[in-house]
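Structure at a glance
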Amino acid sequence: MSRFILKGDILYSETPSKLSTWKDGVLIVEDGVSKGVFPEVPASFANAPIHDYTGHLIIPGLIDLHLHAPQYAFRGMWMDEELLDWLNKHTFPIEARYKEAAFAEEAYKIFTQDLRRSATTRAVMFSTIHKEATIRLMEAMEETGLVSYVGKVNMDRHSPDILREESAQASVQDTIAWLDEVAGRFQNTHPIITPRFVPSCSDELMEGLGAIVKERGLPVQSHLSENYSEIEWVKQLSPDSANYGDAYDRFHLFGSEGKAIMAHCNHSPDEEVRLMKRRGTFVAHCPDSNANLASGIAPVRRYLDEGVHVGLGTDVAGGATVSLFTTIREAVQHSKLRWRLVDGELPWLTFAEAFFLATAGGGAFFGKVGSFAEGFAADALVLDEHGIPTPLMKELTPQERLERFIYLGHEGSVLHKYVQGVKLF
Ligand code: GUN
Ligand code: FE
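The present account deals with the structure reproduced in this document. In this text the structure is predicted, and so the values were computed from the model without any measurement. (Residues numbered from 1 in each chain as written. Chains lettered and ligands numbered in written order. Predicted model: local features only at pLDDT ≥ 70, side-chain atom pairs only at ≥ 80, totals over all residues. Heavy atoms only, no water.)

**Structural notes on empty space enclosed by the protein**
Any empty space left between atoms is shown by rolling a water-sized probe over those atoms. Enumeration over the complete set of coordinates arrives at 3 cavities of 30 Å³ or more. Of the voids in this model, the largest cavity is the one considered here, and its volume is about 90 Å³. The leading source of residues in the lining of the largest cavity is helix 1 (residues 83-96), at 3 residues. Its residues placed into classes, the lining of the largest cavity shows 5 nonpolar, 4 polar and 3 charged. Empty space within the second largest cavity amounts to approximately 70 Å³. Lining the second largest cavity are 14 residues; nearest its centre among them are Ala298, Val300, Arg301, Ser335 and Arg338. Of all the secondary-structure elements, those providing two or more residues to the lining of the second largest cavity are helix 10 (300-305) and helix 11 (324-341). No other element matches helix 11, which puts 5 residues into the lining of the second largest cavity. (1 Å grid on protein atoms, 1.4 Å probe; cavity = no way out; pocket = protein on both sides within 12 Å on 5 of 7 lines; lining within 4 Å. Points joined across faces, edges and corners; volume = space filled by probe spheres on them. Helix = DSSP H or I, 4+ residues; strand = E, 2+ residues; numbered from the N terminus. Nonpolar A, V, L, I, M, F, W, Y, C, P; charged D, E, K, R; others polar.)

**Structural notes on the site of ligand 1**
Taken together, the neighbourhood of ligand 1 is formed by His68, Gln71, Leu83, Trp86, Leu87, Arg196, Phe197, His223, Glu226, His264, Ser289 and Asp315. Between His223 and ligand 1, the recorded distance is 3.4 Å, taken from a side-chain N or O atom to a nitrogen atom. Burial of ligand 1 by the protein chains amounts to 100% of its free accessible area of 280 Å². Here ligand 1 is seated within the largest cavity. Residue contributions to the shell around ligand 1 peak at 3 residues, all from helix 1. Classifying every residue of the shell around ligand 1 by side-chain character gives 4 nonpolar, 5 polar and 3 charged. (Near = heavy atom within 4 Å. Polar contact = N/O pair within 3.5 Å; in protein donor to acceptor, adjacent residues only side chain to side chain. Areas by Shrake-Rupley, 256 points an atom, 1.4 Å probe, with all protein chains shown as cover. Sits in = over half its atoms within 2 Å of the grid points.)

**A short note on unusual backbone geometry**
The omega torsion of the bond from Val316 to Ala317 falls at 5°, within 30 degrees of zero and hence cis. Residue position: Ala317 is located in the loop between strand 14 (309-312) and helix 11. Despite not being glycine, Ser225 has its phi angle at roughly 45°, a positive value. Owing to a relative accessible area of 1%, Ser225 belongs among the buried residues under this scheme. Of note in the backbone geometry, His264 takes a positive phi value of approximately 90° without being a glycine. As for its position among the elements, His264 is in strand 12 (residues 260-264). (Buried < 20%, exposed > 50% of the residue type's maximum accessible area, 1.4 Å probe, protein only.)

**Quick notes on the pairing of strand 11 (residues 220-224)**
Across the 5 residues of strand 11, 5 count as buried, placing the element largely inside the fold. Taking every second residue as pointing to the same face, both faces of strand 11 are buried, with Val220, Ser222 and Leu224 on one and Gln221 and His223 on the other.

**Overview of the side chain of Thr189**
With respect to the helices and strands, Thr189 occurs in strand 9 (residues 189-191). The exposure class assigned to Thr189 is buried, which follows from its relative accessible area of 3%. Among the polar contacts made by the side chain of Thr189, one reaches the side chain of Glu142 at a distance of 2.6 Å. Excluding anything up to four places from it in sequence, Thr189 contacts Met138, Met141, Glu142, Ser148 and Val150. (Contact = heavy atoms within 4.5 Å.)

Following this line, the structure appears as structure tokens:
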């Protein structure tokens, strides 16, 4: 049995609105799992080694429910379009490059090295339509020590020849070949079924993917109700669906059989929200991308209040950065603008609530993840506040220090990272 103790100023979300804080607390870790946080080392753990980070903040690792690994290559550029033009002009041509093994390998090496150093401990990501490049990405993710789901993307319509699979049948066959090739190969890197979004996938393809999900019990990721033009297009493409969500649900691609993550959900009508709730669908809230592509402001308060699962996504490269610190801050800011400009009935998100989304909210997709309560995975970050000048007026509480860190900090400020009780750095 492996046991150790992390000592420092520990914070985690006890509930969506309440942070639990422990100044000079101890987090007990046994076999990669938290045994809880205590003010002193309990007698039964007196002999366990202590990793002493006194004076430093210790928080659960952050969870990214949605990003596009191949788009990391052009993050922070080409933000002058809305979604559909941005996909056609910029995103699809770059994603097509991942057909070349050398390009994919180099790009994914840079991406995975950066993600390893970031605040992210677990991530759910899109690759491209290419099987070989997807396997290279899975290999590189496995090497990081992070836990992830990686999806080979399915696209058989409405994209240029260079980024479109030959037919629904070819797409399904390639997906099955990919799943068979990676089965049992990785400990921490799992496959996820990935219809890009309704406009990219014919009914025949969706049906084939739904059959795979049912047969193999796999989770699903896709995009939902992100942008007005996209939503209108889906209405035309799928006139028999009650709403955009139903266009996935008809094919068993919206949760319940396996789990599903839907990115954005900025403009979901009432009945779509009810369907998400019934199916246990996870919403990946992606504020940076929603601003960059002028998509909208998701009603996250509503999702939280109605008991819809919700976590955060960076959505690189609609979002510019893999930093979930940035995403937490933007989730708060977007909710305030929404309250001011769109709907004064929905209170904004507090800092504690946005922190919950980035930890336990998204963590629930992975099981008992995103908290230090007993029984949760020991995924932890030790933060480095050295670059942030100390204000002179008073000694700050751990919560004030965490909030300030998130508003002022950056990716380089993670001093140490643990995933499942393993120290990565
Ligand atoms: N919808 C379909 N594909 C994409 C993508 O790559 N990024 C975003 N933000 N939305 C999408
Ligand atoms: Fe996306």
